[in-house]
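# Coordinate analysis (summary)
The residues making up each chain are set out below.
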Amino acid sequence: MSDKFNYVLLNARLATMDENSEGYGLVEGSVVVRDGRIAWIGSDLPADYADLPRRDAGGRLVTPSFIDCHTHIVFGGDRAMEFEMRLNGASYEEVARAGGGIVSTVIATRTASVDELVQLALPRLDALLAEGVSVVEVKSGYGLDRETELNMLRAARQLQDLRPVLIKTTFLGAHATPAEYAGQDDAYIDDVCIPALHAAHAGGLVDSVDGFCEGIAFQPTQIERVFKVAQELGLPVKLHAEQLSHLGGTQLAARYNALSVDHVEYATEEDARAMSASGSVAVILPGAFYTIRETQAPPIDHFRAHGVPMALATDCNPGSSPLTSLLLAMNMACTLFRMTPLEALTGVTRNAATALGLADRGQLREGYIADLAIWDVQTPAELSYRIGFNPLHERLNGDTA
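Residues numbered from 1 in each chain as written. Predicted model: local features only at pLDDT ≥ 70, side-chain atom pairs only at ≥ 80, totals over all residues. Heavy atoms only, no water.

An unreviewed UniProt entry lists the chain under the name Imidazolonepropionase, with Falsiruegeria mediterranea M17 as the source organism. The UniProt entry for the chain carries the following text under Sequence similarities (unreviewed entry): "Belongs to the metallo-dependent hydrolases superfamily. HutI family." Database annotation for the chain, UniProt heading Subcellular location (unreviewed entry): "Cytoplasm". (UniProt positions renumbered as here; feature names shortened; annotations may be inferred.)

Below, the structure is given as structure tokens:
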């Protein structure tokens, strides 16, 4: 490999986010990178690495690069008019039942080619990368027919060829019922969603499977049929659950050992216990809470009490969270939900990696991918403290060009 993947980063203040360390795992010292992975980290650089090129961090803070573990950045059109509707008094459910919401984006997405979907998504992706993001999860779910669902996943895969980023794709065919299947939710699951999932898997387009378990979307029994197919295909699952009401989606996800359960505003202490037992991550999405003016905050204290890992993500989507800033999501989580800056930084690094099933990212540890973010800040807490300010100095990726 080139010097890009083989070097020593000197004079760094390292927030390792190592799960075996206390707090941020702060270390004053150096990182040795060989073949894109961390070969050594510590205070006293061994002489063995004298042959490697040097980079000087200038005393700056270095963290693992950020991971956005829940996004919908591939889509057509926008929903600014619905934003206006909500400000004029319509609820998120009313907008959806009036033919807006997810279904309105379906029309624009179905008319876009793969190349057009890629070009529309790139500015959103670039905004994330500019804030130190190195891994982005991208969901389908705005096609709701076989070919458009596959096209969304194809577009997501292409993003990785165009930018230095790892893209993890998630099949979200069970996102909503399209107009042509109105009132026939079960038929849509059987005729469209499950066959599209099989096709996505056969084409190597999908890394995990998701669903929207909500009154305006699908019931737990319907989602479970999709999960059973995912299980047969050897694909991990995750779930949008308890965002607007409590339908029992979290318990379903926990039974299937879901990587994550996302939104979870209406989750209960019993749900937190189930997630703790299954090892599922609670993905907190303050952008959606903020945009739809929700008042029910996720049960952060229950997650803390039962040791449920909490991740943070943008939920970037055209309707309920048109957010392309993980830094702002961190501030929102601290301000709106009283998460701590340590929990916020853990949520976009170590726990976000766990939410995507990535065992070698999100921490600065020997053997891990050397995805590094170098920041012009004095303390890690400053990353959550500032509003609308990006202090990224440089992003160094370990295994992407």
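## Some details on the overall build of the chain
Of the regular secondary structure elements, the chain holds 15 helices and 15 strands. Taking 2.2 N^0.38 as the reference for a compact globule, 401 residues should give roughly 21 Å; the C-alpha atoms of the chain span a radius of gyration of 21 Å, in line with that estimate. The C-alpha extent of the chain, read off along each of the three principal axes, is 70 × 40 × 40 Å. By the burial criterion, 60% of the 401 residues in the chain qualify as buried. Expressed as a percentage of contacts within the chain between residues at least 6 apart in sequence, the contacts between residues at least 24 apart total 72%. Total accessible area on the chain is roughly 15000 Å²; 49% of this is exposed by carbon and sulfur atoms. (Helix = DSSP H or I, 4+ residues; strand = E, 2+ residues; numbered from the N terminus. Rg over C-alpha atoms; globule rule 2.2 N^0.38 Å. Buried < 20%, exposed > 50% of the residue type's maximum accessible area, 1.4 Å probe, protein only. Contact = heavy atoms within 4.5 Å. Areas by Shrake-Rupley, 256 points an atom, 1.4 Å probe, with all protein chains shown as cover.)

## Some points on the UniProt feature "binding site: N-formimidoyl-L-glutamate" (unreviewed entry) in the chain
Following the UniProt record, the feature "binding site: N-formimidoyl-L-glutamate" (unreviewed entry) maps to Tyr142, Asn317 and Gly319 here. These annotated residues cover 178 residues of sequence, but their C-alpha atoms sit close together, with the largest distance between any two at 11.5 Å. In the annotated set above, the residues contributing to the lining of the second largest pocket are Asn317 and Gly319. Mapping tyrosine 142 onto the fold places it in the loop between β7 (133-139) and α5 (146-162). For tyrosine 142, a relative accessible area of 2% translates into the label buried. Following the sequence through the fold, glycine 319 ends up in the loop between β13 (310-312) and α12 (326-337). (1 Å grid on protein atoms, 1.4 Å probe; cavity = no way out; pocket = protein on both sides within 12 Å on 5 of 7 lines; lining within 4 Å.)

## Some words on the UniProt feature "binding site: Zn(2+)" (unreviewed entry) in the chain
What UniProt calls "binding site: Zn(2+)" (unreviewed entry) maps, in this numbering, to His70, His72, His240 and Asp315. Separation in sequence by 246 residues is not matched in space for these annotated residues, since their most distant C-alpha atoms are only 12.4 Å apart. Note on histidine 70: relative accessible area 0%, which makes it buried. Among residues more than four places away in sequence, those in contact with histidine 70 are Glu137, Lys139, His240, Asp262, His263, Val283, Leu285, Ala313, Thr314, Asp315 and Cys316. Residue position: aspartate 315 is located in the loop between β13 and α12. Aspartate 315 sits in the buried class, given a relative accessible area of 2%. Apart from the residues within four sequence positions on either side, aspartate 315 is in contact with His70, Thr71, His72, His263, Leu285, Ala288, Ser320 and Ser321.

## A closer look at the layout of surface pockets
To find the voids left in a structure, one rolls a probe of water-molecule size over its atoms. If you add up the space inside the largest pocket, you get close to 340 Å³. Taken together, 20 residues line the largest pocket, and the ones lying closest to its centre are Ala96, Val103, Ala176, Thr177 and Ile216. Secondary structure elements with two or more residues in the lining of the largest pocket: α2 (92-97) and α3 (102-110). Among the elements that take part in the lining of the largest pocket, α2 stands out by supplying three residues, more than any other. Residues of the lining of the largest pocket, tallied by class, amount to twelve nonpolar, six polar and two charged. Empty space within the second largest pocket amounts to approximately 160 Å³. Along the wall of the second largest pocket there are 14 residues; nearest its centre are Arg79, Asn317, Pro318, Gly319 and Pro322. Broken down by element, the lining of the second largest pocket gets its largest block of residues, three residues, from helix α1 (residues 80-87). Here the lining of the second largest pocket is built from residues that sort into seven nonpolar, three polar and four charged. (Points joined across faces, edges and corners; volume = space filled by probe spheres on them. Nonpolar A, V, L, I, M, F, W, Y, C, P; charged D, E, K, R; others polar.)

## Some points on the packing of aromatic side chains
Applying the stated criterion across every chain yields a total of six aromatic pairs. Look at phenylalanine 75 and tyrosine 142: their rings are 6.2 Å apart centre to centre, the planes differ by 80 degrees, and that puts the pair in the edge-to-face class. With a gap of 67 residues between them, phenylalanine 75 in the loop between β6 (66-68) and α1 and tyrosine 142 in the loop between β7 and α5 connect regions that are remote in the sequence. As far as burial versus exposure is concerned, phenylalanine 75 and tyrosine 142 are alike and both buried. The rings of Tyr181, Tyr188 and Phe218 are connected pair by pair, giving a single aromatic cluster. (Phe/Tyr/Trp six-rings, centres within 6.5 Å; stacked < 30°, edge-to-face > 60°.)

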